[in-house]
Amino acid sequence: MNSLVPPDPQEPLVAADLKEDGDFSDMLSEQRILLPGAQMLTAFLIILPFNGGFKQIVQAEKIVFLATFVLALTSLVLLSAPAIQHRLMRPLNDRARFKRVATRQIVAGAFSLAIALILATNLVMSEVFGHMVGLVMAGGIATFILCLWWLLPAYLKRMHGY
């Protein structure tokens with residue numbers, strides 16, 4: 001079959017097609033893990049300004065809140081984009097390209113979520129325990145996320161071929 005011609009939707013699935021669908025299933029499962037975190041953080045940030053004590057935070061904390069809120073919203077949009085795009089673009093003519101774009105969106109969404117989690121940690125810990133504790137805890141969470149989300153997978157892929 002010519003690779004430039006889109007597949008006929010009536011053709012039976014072959015092994016390569018099933019592998020492609022498996023990759024989509026993996027992508028969907030990954031989004032089921034990431035999306036609730038982005039949703040919960042965004043929901044928390046949406047209600048935060050309506051709490052009585054929010055007006056008493058200092059300007060620097062308001063800037064951290066703004067950055068956290070924008071990053072949480074960005075992560076929510078990026079993480080949900082592949083599902084919406086997949087639904088609107090069906091049937092996919094170029095599955096490999098769609099997967100590459102969706103993967104980039106998910107990684108960008110995870111990056112935005114990571115930064116939002118770090119800033120949220122700083123915001124909450126600074127309010128409860130003070131600025132220095134907030135910075136230390138945010139640094140700890142940043143290191144934890146960096147190691148588990150980014151460095152460990154890179155190491156495992158390089159050293160063990162995952």
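Our subject is the structure that appears above.
Residues numbered from 1 in each chain as written. Predicted model: local features only at pLDDT ≥ 70, side-chain atom pairs only at ≥ 80, totals over all residues. Heavy atoms only, no water.

Some remarks on a nonpolar patch on the surface
Okay, so step 1: Taken together, the side chains of Phe44, Val124, Val128, Phe129, Val133 and Met137 present a nonpolar region at the surface, about 510 Å² in accessible area.
Okay, so step 2: Listed by contribution, the elements that provide at least two residues to the nonpolar patch are helix 3 (95-129) and helix 4 (131-160).
Okay, so step 3: Among the elements that make up the nonpolar patch, the one with the highest residue count is helix 3 (three residues).
Okay, so step 4: Assignment of secondary structure puts Phe44 in helix 1 (residues 15-47). (Patch = residues over 30% accessible without salt bridge, like charges linked within 9 Å, V, L, I, M, F, W, Y side chains within 5 Å. Areas by Shrake-Rupley, 256 points an atom, 1.4 Å probe, with all protein chains shown as cover. Salt bridge = Lys/Arg side-chain N within 4 Å of Asp/Glu carboxyl O. Helix = DSSP H or I, 4+ residues; strand = E, 2+ residues; numbered from the N terminus.)

Notes on the pattern of salt bridges
Okay, so step 1: Under the defined criterion, the tally for this structure stands at one salt bridge.
Okay, so step 2: Between Arg97 and Asp94 there is a salt bridge; the shortest N-O distance is 3.9 Å.

Description of the nonpolar core
Okay, so step 1: Counting residues in each nonpolar core, the largest one holds 22 residues, and the members touching the most others are Leu34, Leu41, Leu45, Leu48, Phe65 and Leu79.
Okay, so step 2: Secondary structure elements with two or more residues in this core: helix 1, helix 2 (59-89) and helix 3. (Core = buried A, V, L, I, M, F, W, Y, C linked by side-chain atoms within 4.5 Å. Buried < 20%, exposed > 50% of the residue type's maximum accessible area, 1.4 Å probe, protein only.)

The analysis is restricted to geometry; functional conclusions fall outside its scope.
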